[in-house]
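Chain by chain, the residues run as shown.
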Amino acid sequence: MALAPPSYCFVAFPPRAKDGLVVFGKNSARPRDEVQEIVYFSAADHEPESKAECTYISIDQVPRTHAIVISRPAWLWGAEMGANEHGVCIANEAINAREPAAETEALLGMDLVRLGLERGATAKEALDVIVALLEEHGQGGNYYEDANSYHSFQSAYLIVDSGEAWVLETVGKYWAAERITEGVKCICNQLSLMTKIDAEHPELRSYAQSQGWWTGEDEFNFSEVFSPADDHLACCSGKDSLEKQEESITVQTMIDILRDKASGVCIDSESFLTTASVVSVLPQNRSSPCIHYFTGTPDPSRSIFKPFIFVDDVKLVPKAQSPCFGDDDPAKKEPRFQEKPDRRHELYKAHEWARAVLESDEEQGQKLRKTMLELEKQGLEAMEEILTSNDPLDPTEVGDLFYDCVDTEIKFFK
């Protein structure tokens, strides 16, 4: 069984997070050469009987989808992580479980992230959307753009809004979920739910019994029952990083955790790299906007977190979007992935230069890193002012916020 890539997702609620803010973060660990793009889709009405064309299958579309912003591997339809206009954030993790994931093409865990964001106006609604689609269509298909090997995984999700979070862990169509309203939570590439289960598939326990994994007499512990025999380890490095924070957790704290290579949260190994990261801040006071900081580039320790705010007139950012190959895309043709097109976008290409400098030239690299952090700090401070201001947000001022940040970053690298 292929090992799931070691990604991490986090959430912190008040009082552990600062000033009535919920802070969400994710590092996406993927194959080293994979490109992630940042894409915004506006809210849309859909014709009756129209279809949503997901990565491998199409499913019935709903009458209306919410506006979303997502970070996704450029070859697929879904998302590794993202947010919608209602302040819902979702990230997923590929999971190894006792039961191998189906190789049949169905919905990818990443498709379900996007579908949850497009169709759920609250964290609980998004959870309900995901489990209903899982029941109807199942999950399966290659997680990587790779014709030579087939990697399919089960999925776990962290689904967050300003009032609550749900940890949803799935094995095939079976699932369990825990509701969280305070403190901190980390999920990684192992099952983590134990005996505190707040919602579950109606046949979850009878299925575990039918497989001989649970006697029905002991207390039901989801991760013990469904984890591979050799894999019931604590998901410790991410959890420790979050729990050892003595100060209240802010956007900056979350960014620092995501950049930490020593803890293993920021992965940079022979096979995997943190190819994109996100931090979101969701104010519990509804009059303040949610702010989502995306890198759109690999390795958060060498990337700039750039802010995005939902308003009616968001300016699209083609420089953070990969080229589109339409129906000729090798990911859409069968047999799949017979060739690998160059999916690098303009921001990714500019950032490649920066990564090379940071890796090779100590003096120039230190200067470059300092300037990058300064650029990021300016953005964080401007967003802090928006969050603490009593004045209503002027949509015309933030509609091109992410566009301007990407543009500035590219010019700076050139």
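So, here's what we can say about the structure. This one's a predicted model, so the numbers in the text were calculated from it and none came from an experiment.

1. Focus: the overall build of the protein chain
Helix and strand counts for the protein chain come out as ten helices and 18 strands. The globule rule puts the C-alpha radius of gyration for 414 residues at 22 Å, and the 20 Å found for the protein chain is close to it. On the principal axes, the C-alpha backbone points of the protein chain span a range of 60 × 50 × 50 Å. Taking as baseline every contact in the protein chain between residues at least 6 positions apart, the subset at least 24 positions apart corresponds to 69%. Accessible surface computed for the protein chain: about 17,700 Å², of which carbon and sulfur atoms make up 46%.

2. Remarks on the state of the cysteines
Covalently bonding the sulfur atom of one cysteine to the sulfur atom of another cysteine gives a disulfide. For the structure shown, the criterion picks out zero disulfides. In this structure Cys-266 is a free cysteine whose sulfur lies 14 Å from that of Cys-186, the closest cysteine sulfur available.

3. Here we look at helix 1 (residues 109–119)
For helix 1, a buried count of eleven out of eleven residues is recorded, marking the element as mostly surrounded by other parts of the structure. Of the residues making up helix 1, those classed as buried are Gly-109, Met-110, Asp-111, Leu-112, Val-113, Arg-114, Leu-115, Gly-116, Leu-117, Glu-118 and Arg-119.

4. Details of the pairing of strand 12 (residues 165–171)
Counting buried positions along strand 12 yields seven of seven residues, so the element is predominantly enclosed. Going residue by residue along strand 12, you find Ala-165, Val-167, Glu-169 and Val-171 tucked away on one face and Trp-166, Leu-168 and Thr-170 tucked away on the opposite face as well. Pairing analysis gives five bridges linking strand 11 (residues 154–160) to strand 12, with the strands arranged antiparallel. Each bridged residue has a counterpart across the sheet, and for Leu-158 the counterpart in strand 12 is Val-167. Relative to strand 13 (residues 174–180), strand 12 is paired through seven bridges, and the arrangement is antiparallel. The partner of Glu-169 across the bridge, within strand 13, is Ala-176. The antiparallel hairpin formed by strand 12 and strand 13 contains two residues in its connecting segment, where Gly-172 sits at a positive phi of about 60°.

5. Considering unusual backbone geometry
Cis geometry is found at the peptide bond from Pro-14 to Pro-15, where omega equals 5°. Examined against the element boundaries, Pro-15 turns out to sit in the loop between strand 1 (8–12) and strand 2 (21–31). Of note, the bond from Glu-334 into Pro-335 is cis; its omega dihedral lies within 30 degrees of zero at -5°. For Pro-335, the position within the fold is in the loop between strand 18 (306–308) and helix 7 (346–360). The phi torsion at Glu-49 lies on the positive side, around 70°, for a residue other than glycine. Mapping Glu-49 onto the fold places it in the loop between strand 4 (44–45) and strand 5 (51–53).

6. What to know about the side chain of Ser-155
For Ser-155, the location among the structural elements is in strand 11. With relative accessibility at 0%, the residue Ser-155 sits in the buried group. The contacts of Ser-155, once residues within four sequence positions are left out, are Asn-92, Glu-93, Ile-95, Gly-109, Gln-139, Tyr-143, Leu-168, Glu-169 and Thr-170.

7. Brief notes about the packing of aromatic side chains
The tally for this structure, following the rule as stated, stands at 17 aromatic pairs. Taking 5.4 Å as the distance between ring centres and 90° as the angle between the ring planes, the aromatic pair formed by Tyr-143 and Phe-153 counts as edge-to-face. Here Tyr-143 is found in the loop between helix 2 (123–137) and strand 11, whereas its partner Phe-153 is found in the loop between helix 2 and strand 11, with ten residues between them in sequence. Considered together, Tyr-143 and Phe-153 belong to a single accessibility category, that of buried residues. For the pair Trp-353 and Phe-413, a centre-to-centre distance of 6.3 Å together with 55° between the ring planes defines the contact as tilted. Highlighted residues: Trp-353 in helix 7 and Phe-413 in helix 10 (residues 401–413), separated in sequence by 60 residues. Judged by its relative accessible area of 3%, Phe-413 is buried. Through successive ring pairs, a cluster of aromatic residues spans Tyr-40, Phe-294, Phe-308, Phe-310 and Phe-402. Here the basic side chain of Arg-114 rests over the ring of Phe-41, its NZ or CZ set 4.2 Å away from the ring centre. Positioned above the aromatic ring of Trp-77, the side-chain terminus of Arg-114 is 3.9 Å from the ring centre.

8. Here's the deal with the sheet that holds strand 16 (residues 272–283)
Reading across the sheet, the six strands line up as 14-1-2-16-17-18 and stay open at both edges, with antiparallel pairing between neighbours. At either margin of the open sheet sits one strand with a lone partner, and together these are strand 14 (184–187) and strand 18. Taking each pair of neighbouring strands and ignoring which way they run, the sheet shows an average axis angle of 15°. Pairing of strand 16 with strand 17 (residues 291–294) involves four bridges; the strand directions are antiparallel. The residue bridging Val-278 from the neighbouring strand is Phe-294, located in strand 17.

9. Some points on the sheet that holds strand 9 (residues 81–84)
Read across the open sheet, the eight strands follow the order 3-8-9-10-11-12-13-15; overall the sheet is antiparallel. Both edges of this open sheet fall to strand 3 (36–41) and strand 15 (199–200), since each of them pairs with a single strand only. For strand 9 and strand 10 (residues 89–95), the ladder comprises three bridges, and the chain directions are antiparallel. Each bridged residue has a counterpart across the sheet, and for Gly-82 the counterpart in strand 10 is Ile-90. Along the sheet, helix 2 makes contact with strand 10, strand 11, strand 12 and strand 13, crossing strand 12 at roughly 10°.

Calculation rules
- Residues numbered from 1 in each chain as written.
- Predicted model: local features only at pLDDT ≥ 70, side-chain atom pairs only at ≥ 80, totals over all residues.
- Heavy atoms only, no water.
- Helix = DSSP H or I, 4+ residues; strand = E, 2+ residues; numbered from the N terminus.
- Rg over C-alpha atoms; globule rule 2.2 N^0.38 Å.
- Contact = heavy atoms within 4.5 Å.
- Areas by Shrake-Rupley, 256 points an atom, 1.4 Å probe, with all protein chains shown as cover.
- Disulfide = S-S within 2.5 Å.
- Buried < 20%, exposed > 50% of the residue type's maximum accessible area, 1.4 Å probe, protein only.
- Pairing = 2+ DSSP bridges.
- Phe/Tyr/Trp six-rings, centres within 6.5 Å; stacked < 30°, edge-to-face > 60°.
- Lys NZ or Arg CZ within 6 Å of the ring centre and 35° of its normal.
- Axes fitted to C-alpha atoms, helices over the stretch in contact; angles between N-to-C directions.

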